[in-house]
Amino acid sequence: MEAYTGFAEVYDLFMEDVPYEAWKDFLVRQLQGQGIEDGLVLELGCGTGRMTRLLAQSGYDMIGVDASEEMLCIAREHESEGILYLAQDMREFELYGTVRAVVSICDSMNYLLEESDLLQVFRLVNNYLDPGGIFLFDLNTDYKFRELMGTQTFSEHREQGCLVWDNYYDEEEKLNEYALTIFLRQEHGLYRKYEETHYERSYELRQVTDLLEQAGMELVCVCDGDDHGPVREDSGRVYVMARECRKAERT
């Protein structure tokens, strides 16, 4: 799962067009719809902390977990706003107590390449959720990897440098590989080169639902990641909301 090492320091530069504010508004609406308007919330795969900070500004007491020390170093450069950042692999994360909700965006769950790893994360989330707590996360779909990304090369050019993205999707293994190369402008007309290879796996919603149930949660809803309506065959990203239910049954 190691990724976002050298790339971490230029991550925000090439993610500046991501609609974090709109994503935050959606997350907050969903949490408030479940009665969660404040209290402790955990973000898994928080990266440089952009969403973590936005949720903190929305009134939540935030904890951010990420495996990349480099990404967290950048997160800690900003005003902390009381945010606790923990450098932990999400498959092994530990908290001091339970939280009202767990959120995860930017396809962090797709980085879990084995079904057993996904189940392990779901079990840990369930363990650290308050009774009836909410888990809200997004997933890139097989359709996106297969039809929108496939075997293609993408490039993005900025004044500060350029990004080249070589993508390959193995439809049989449901495994997406993308090699990132970044050339960042330095002084005196020189460029610094960064290279990383990332892997993501697509999961069928039925798999995800089964694993959530095994972990002690129940599915609340699934929606399209863009218009937030019903999931379609051509949905490129989906949101999944689940609720902790077994603790609630025991109380």
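Residues numbered from 1 in each chain as written. Predicted model: local features only at pLDDT ≥ 70, side-chain atom pairs only at ≥ 80, totals over all residues. Heavy atoms only, no water.

1. Here we look at the sheet that holds strand β6 (residues 153–158)
At step 1: Reading across from one edge, β6-β7-β8-β9 is the order of the 4 strands in this open sheet, with antiparallel pairing throughout. Bordering the open sheet on either side are β6 and β9 (191–201), each of which pairs with just one other strand. Each adjacent strand pair in this sheet contributes to an overall mean axis angle of 15°, direction not counted.
At step 2: Here 11 bridges tie strand β8 (residues 175–185) to β9, and the two strands are oriented antiparallel to one another. Bridge pairing links Leu-175 to Arg-201 in β9.
At step 3: Running at roughly 115° to strand β7 (residues 161–170), helix α6 (residues 142–149) makes contact with β6, β7, β8 and β9 of the sheet. (Pairing = 2+ DSSP bridges. Helix = DSSP H or I, 4+ residues; strand = E, 2+ residues; numbered from the N terminus. Axes fitted to C-alpha atoms, helices over the stretch in contact; angles between N-to-C directions. Contact = heavy atoms within 4.5 Å.)

2. A short note on the packing of aromatic side chains
At step 1: Going through the model one piece at a time under the given rule, you end up with 9 aromatic pairs.
At step 2: Aromatic side chains Phe-93 and Tyr-128 sit 5.4 Å apart centroid to centroid with 40° between the ring planes, which places their arrangement in the tilted category. Pair noted here: Phe-93 is in the loop between β3 (84–87) and β4 (99–104) and Tyr-128 is in helix α5 (residues 115–128), with a separation of 35 residues, a long-range link.
At step 3: Judged by relative accessible area, which is 1%, Phe-93 ranks as buried.
At step 4: Residue classification places Tyr-128 among the buried residues on the basis of a relative accessible area of 13%.
At step 5: An aromatic cluster of three or more residues is present, and its members are Phe-122, Phe-135 and Phe-137. (Phe/Tyr/Trp six-rings, centres within 6.5 Å; stacked < 30°, edge-to-face > 60°. Buried < 20%, exposed > 50% of the residue type's maximum accessible area, 1.4 Å probe, protein only.)

3. Let's talk about the pairing of β7
At step 1: Pairing of β6 with β7 involves 6 bridges; the strand directions are antiparallel. Each residue of the ladder has a partner; that of Phe-154, found in β7, is Trp-165.
At step 2: For β7 and β8, the ladder comprises 10 bridges, and the chain directions are antiparallel. Across the sheet, residue Asn-167 finds its bridge partner in β8, namely Tyr-178.

4. Examining the side chain of Asn-140
At step 1: Summarising the element assignment, Asn-140 is placed in strand β5 (residues 129–140).
At step 2: Classification of Asn-140 as buried rests on a relative accessible area of 3%.
At step 3: Only 3.4 Å separates the side chain of Asn-140 from the side chain of Asp-107, close enough to count as a polar contact.
At step 4: Those residues in contact with Asn-140 that sit more than four places away from it in its chain are Asp-107, Asn-110, Phe-145, Glu-200, Gly-236 and Arg-237. (Polar contact = N/O pair within 3.5 Å; in protein donor to acceptor, adjacent residues only side chain to side chain.)

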